[in-house]
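Summary of structural features
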Amino acid sequence: MKALAARRHHRFAPAVLLLLALLVTGGVYAALAPSPASADTASTADIETGKKLFQANCATCHGANAEGSPGVPSLVGVGAAAVDFQVSSGRMPMQMSGPQAISKPRQMDEEQTAALAAYVSSLGAGPAIPTDAQVDPADGDIANGMALFRTNCAMCHNAVGAGGALSEGKFAPALWETTPRNIYQAMLTGPQSMPVFNDANVTPEEKQDIIAFLVDQREGSAGGNALGGLGPVSEGLWGWAVGMGVLIGAAVWIGAKSS
Amino acid sequence: MSTTASNQHREAPAKPTTPAGKAADYLDQRTSIGVLVKEFARKVFPDHWSFMLGEIALFSFVVLLISGVFLTMFFEPSMALTHYEGQHPANMHGQLMSVAFASTLEMSFEVRGGLLMRQIHHWSALIFMAAIVTHMMRIFFTGAFRKPRELNWLVGMTMLILGLAAGFSGYSLPDDVLSGNGLRITDGVIKSIPVIGSYTSYLVFGGEFPGAHIVPRLFTIHILIVPGLLLALIALHLFLMVLNKHTQYPGGGRTDDNVVGFPALPVYVAKMTGNFFIIFGVLALMGATMAINNVWNYGPFDPSPVSAGAQPDWYMLFLEGSLRLMPGQGTEWVIAGFTLPLNILVPAMVVPGLLFTFLFVYPFVEAKVRGDEREHHVLDRPRNVPTRTALGVAFLTAFIILALAGSNDLIATHFHLSINSITWVFRVLIFVGPVFAFWVTKRVCLGLQRKDRELVLHGHESGRIVRFANGEYIEVHRPLDEQERWLRVNYHAYEPLRIEPKSDARGVKRKGYGADRRWQRLSRFFFEDRVEPVTPAELAAAHAHGEHDELAPAEHPAIGAGVGAGHGTTQGH
Ligand code: HEM
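Residues numbered from 1 in each chain as written. Chains lettered and ligands numbered in written order. Predicted model: local features only at pLDDT ≥ 70, side-chain atom pairs only at ≥ 80, totals over all residues. Heavy atoms only, no water.

**Considering the domain arrangement of chain B**
This is how it is decided: Boundaries of every domain are those given by an automatic assignment or by a domain database.
Taken domain by domain, chain B comprises domain 1 (2–39) and domain 2 (447–544). Between the C-alpha centres of domain 1 of chain B and domain 2 of chain B there is a distance of 55 Å.

**Observations concerning the coordination of the iron atom of the ligand**
All names here are of chain B. For clarity, the threshold we go by: Donor selection uses N, O and S atoms within 2.8 Å of the metal (3.2 Å for Na, K and Ca). Since no water is included, sites may look incomplete. Note on geometry labels: four donors, all angles 85 to 135 degrees, give tetrahedral; four donors become square planar and six octahedral when opposite donors are over 155 degrees apart and every other angle is between 65 and 115; remaining cases are irregular. The secondary structure listing takes helices from DSSP runs of H or I that are at least 4 residues long and strands from runs of E that are at least 2 residues long, numbered from the N terminus. Exposure is judged per residue with a 1.4 Å probe applied to protein chains only, and the accessible area is read against the type maximum: over 50% gives exposed, under 20% gives buried, and values in between give partly exposed.
Only H135 (NE2) and H237 (NE2) from the protein coordinate the iron atom of the ligand, and they sit 1.9 to 2.1 Å from it. What the six donor atoms of the iron atom of the ligand show is an angle range of 83 to 179° at the metal, which sorts the shape as octahedral. Of this pair, H135 sits in helix α5 (residues 114–142) while H237 is found in helix α9 (residues 214–244), placing the two residues 102 residues apart along the sequence. Judged by relative accessible area, which is 16%, H237 ranks as buried.

**Let's talk about the UniProt feature "transmembrane region" (unreviewed entry) in chain A**
Here is the rule: UniProt positions are given in the numbering used here, feature names are shortened, and annotations may be inferred rather than shown by experiment.
As annotated in UniProt, the feature "transmembrane region" (unreviewed entry) corresponds to residues 237–256 of chain A in the numbering used here. Annotated as residues 237–256 of chain A, this span is 100% helix and 0% strand, and its ends, taken at the C-alpha atoms, are 27 Å apart.

**Regarding the environment of H135(B)**
Here is the rule we go by: Any two residues whose heavy atoms approach within 4.5 Å at even a single point are treated as in contact.
Between the C-alpha atom of H135(B) and that of V189(B), which follows or precedes it by 54 residues, the distance is 30 Å. Contact partners of H135(B), with chain neighbours within four places excluded, come to L53(B), G54(B) and H237(B).

**A look at the layout of surface pockets**
Residues and elements named next belong to chain B. Basically, it comes down to this: Buried and open spaces are told apart on a 1 Å grid over the protein atoms alone, a cavity being a set of points where a 1.4 Å probe fits but cannot get out and a pocket being an open set with protein on both sides within 12 Å along at least five of seven lines. Residues with an atom within 4 Å of a point are the lining residues. Grid points are joined across faces, edges and corners, and a volume is the space filled by probe spheres set on the points. Gly falls in the polar group here, along with every residue not listed as nonpolar (Ala, Val, Leu, Ile, Met, Phe, Trp, Tyr, Cys, Pro) or charged (Asp, Glu, Lys, Arg).
In this structure, the largest pocket occupies an estimated 1,200 Å³ of space. Lining of the largest pocket is provided by 47 residues; of these, F168, G182, T186, M316 and L319 occupy positions nearest its centre. Residue assignment for the lining of the largest pocket shows that the elements contributing at least two residues are α6 (150–172), α7 (177–192), α8 (197–205), α9, α11 (317–325), α12 (342–370) and α14 (408–415). It is α7 that provides the largest number of residues to the lining of the largest pocket, a total of nine residues. Looking at the lining of the largest pocket residue by residue, the classes come out as 31 nonpolar, 10 polar and six charged.

**Things to note about the UniProt feature "domain: Cytochrome b/b6 N-terminal region profile" (unreviewed entry) in chain B**
Under the UniProt annotation, "domain: Cytochrome b/b6 N-terminal region profile" (unreviewed entry) lies at residues 23–250 of chain B. Secondary structure content for residues 23–250 of chain B is 69% helix and 4% strand, while the C-alpha to C-alpha distance between its ends is 42 Å.

**Brief notes about the UniProt feature "binding site: heme c 1" (unreviewed entry) in chain A**
Residue and element names in this part refer to chain A. Within this structure's numbering, the places UniProt gives as "binding site: heme c 1" (unreviewed entry) are C58, C61 and H62. Mapped onto the elements of the fold, C61 is located in helix α5 (residues 59–62). With residues near it in sequence (within four places) discarded, C61 still touches G68, S69 and V72. Mapped onto the elements of the fold, H62 is located in helix α5. If near-sequence neighbours (up to four positions away) are discounted, H62 is found in contact with F54, E67, G68, V72, P73, L75 and M92.

Below is the structure:
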């Protein structure tokens with residue numbers, strides 16, 4: 001200690017301290033950050049597996065080096081988040097060609113997805129996969145999430161995230177079952193017709209608020225069966241089918257009781 | 001209970017003993033109401049399930065009134081701003097909103113039974129409108145609007161429009177995003193009216209949309225003006241119904257000069273009471289189990305957001321559809337500095353204008369082309385008036401296509417179709433669909449009429465084959481019984497109007513010939529294709545010809561009043 005105290009005034013001390021500080025911050029950052037670092041930290045073995053998987057499942061469309069082909073985007077720089085979103089929601093590998101790639105039961109398990117993500121992000125840095133803490137709905141502000149969702153998302157996804165139509169057979173899907181991580185990643189990467197909501201537009205905290213709001217919608221309605229959350233059209237349909245159905249049935253029954 | 005209508009002091013034949021009896025006697029001695037009650041109790045009402053459709057409308061209106069009074073006690077019609085302090089719903093906590101919206105939330109989450117009442121009220125509104133429309137379909141397709149009931153048709157039409165006004169004004173009260181979108185459209189439609197549009201909009205909203213006045217104004221309309229008018233008109237409607245007597249379906253013994261049915265007391269009143277409880281119960285159950293208009297999902301009104309799936313309640317959906325179908329390009333004209341936005345005027349004014357005009361004038365037009373001044377108390381079987389039935393179906397087709405067009409985004413997502421193609425399909429269908437529906441319905445009606453003729457002339461096929469001594473095979477036909485025959489022959493097949501010649505004997509041109517000619521043309525459209533009912537002569541001829549078809553010739557009792565009624569009561573008009 002004494003030695004340390006003695007050298008405190010050494011003329012290299014500031015430089016050493018600065019170096020130390022940088023190292024520590026860097027280390028902490030590397031450990032904690034959601035990091036595009038995944039590319040750097042992913043083992044070369046992962047990247048190798050990912051490359052093989054890519055060649056087997058994706059290359060026909062995206063090209064041998066993910067450089068893209070006519071009608072299929074290049075994946076250089078889309079980041080791990082895009083891959084994780086597309087593959088874990090089952091959209092990729094794409095099968096049917098339609099107005100848009102639709103989500104299906106996922107084909108790649110967690111490990112394979114991670115490997116693919118590692119491979120793609122090794123080609124060029126892009127948004128990384130968010131951490132579990134970032135997407136935890138428990139820490140979000142539901143009311144703020146509602147306000148953000150209303151102004152940024154409801155025009156495509158409906159007020160409670162029940163989904164909506166876009167032009168030419170494209171659609172914004174219902175969000176009842178989307179995982180919190182995929183909600184986050186969808187905003188981060190803006191799949192297909194959806195705009196990107198980068199961290200300057202919608203901050204990570206706000207993204208978490210939106211997740212909290214969407215997850216809260218899954219609790220159901222205080223009013224009873226939510227009838228799909230689709231609003232007046234489904235209410236009208238149910239009104240006719242159930243209400244008028246039963247009432248006319250009753251009228252026929254009462255009418256028949258006499259004659 | 002007294003049996004005379006005399007006001008003189010008199011000795012009651014037997015003093016009433018029960019409390020109810022005493023109370024009734026007390027009332028009767030002071031008002032002589034007994035006479036009225038008895039008169040009414042003995043009044044005969046025909047019976048049919050479709051006559052209860054009006055009742056569904058009536059009783060859901062009663063439910064609307066009761067639940068509405070409850071809501072009025074907690075709703076605050078103010079557009080002043082406030083922060084919502086309640087913990088529920090979580091997505092509204094601390095948000096800036098109007099007092100109207102906040103009071104709606106408080107009513108739903110703080111007031112015991114408040115949400116239930118709100119939902120009962122809203123479901124009742126949907127069912128009220130559905131019942132009115134179904135009731136009206138019954139009136140239309142059976143021809144219950146004919147003389148002397150044209151006036152009641154007009155009263156009904158006015159109530160239909162008031163019903164729309166009630167729904168629209170109530171829907172907009174909570175001041176949420178969805179209803180605000182509706183108001184925004186209304187504002188746009190008002191502004192699209194040439195010259196006076198923008199002034200009218202300022203008048204309605206008390207300044208630039210949305211302003212701070214529209215909710216209190218709609219509140220007055222919704223809880224005072226519209227229900228007041230509706231109540232008065234319902235009273236008039238029912239009074240006219242009793243005055244004109246109720247119509248009856250065709251059948252043995254039923255004519256334009258009698259009423260066959262049950263006395264109001266006890267049969268009709270018992271049924272009515274039963275129906276009331278069923279309707280009340282169903283509405284309460286719907287309110288308790290099915291969420292409706294959960295405004296906190298839409299959030300407090302703010303003019304900018306419009307969420308996907310923004311639609312009005314079902315009875316306004318045809319207007320939404322009409323707007324969605326209208327192509328926007330090239331339909332906004334600027335003439336001498338004035339904008340003529342046909343892309344709004346046509347779908348939002350012309351289309352509903354045409355639909356409602358058709359409904360308003362139809363009874364009068366039909367009376368004119370039928371050319372009869374008679375009273376009609378026996379209803380038509382829809383097949384026996386093919387053109388009317390076909391017009392009605394065409395109208396419904398147009399209405400349904402518009403409502404579907406108003407839901408085009410939901411159709412797109414649920415059936416994985418392109419919204420653009422759906423819109424184009426509907427743009428074509430709105431012209432082709434009604435015409436096609438008209439043609440098909442008319443053919444079906446004429447076909448059914450022909451089948452009726454066959455049946456009357458030749459009887460039911462029995463499937464029994466008989467061989468005669470001379471070797472001839474025939475299938476035995478069972479003749480129709482009197483009831484069945486009455487139903488099928490007792491109608492009038494109108495012919496196109498006959499008009500006076502163009503010029504009189506001296507060759508002078510007759511005034512009004514042109515108009516007559518136009519009516520005649522319309523009359524041809526109605527009655528050119530027709531199937532005449534079987535006449536007695538034809539029937540006799542058919543019987544003579546097919547004598548041996550009938551192994552056991554039926555007795556033919558004369559059909560008279562009462563016979564057909566079976567167990568009912570007949571009352572002269
Ligand atoms: C506020 C809504 C309405 C209520 C509460 C109502 C109620 C009733 C009731 C209880 C009856 C007698 C039972 C029946 O025939 O169903 C009746 C008859 C009638 N209603 Fe309505 N109604 C309403 C709207 C309408 C509308 C929109 C129309 C047509 C435009 C209409 C036209 C008639 C006619 C012509 C009758 C006489 C039917 C006959 O004698 O066969 N009503 N109404």
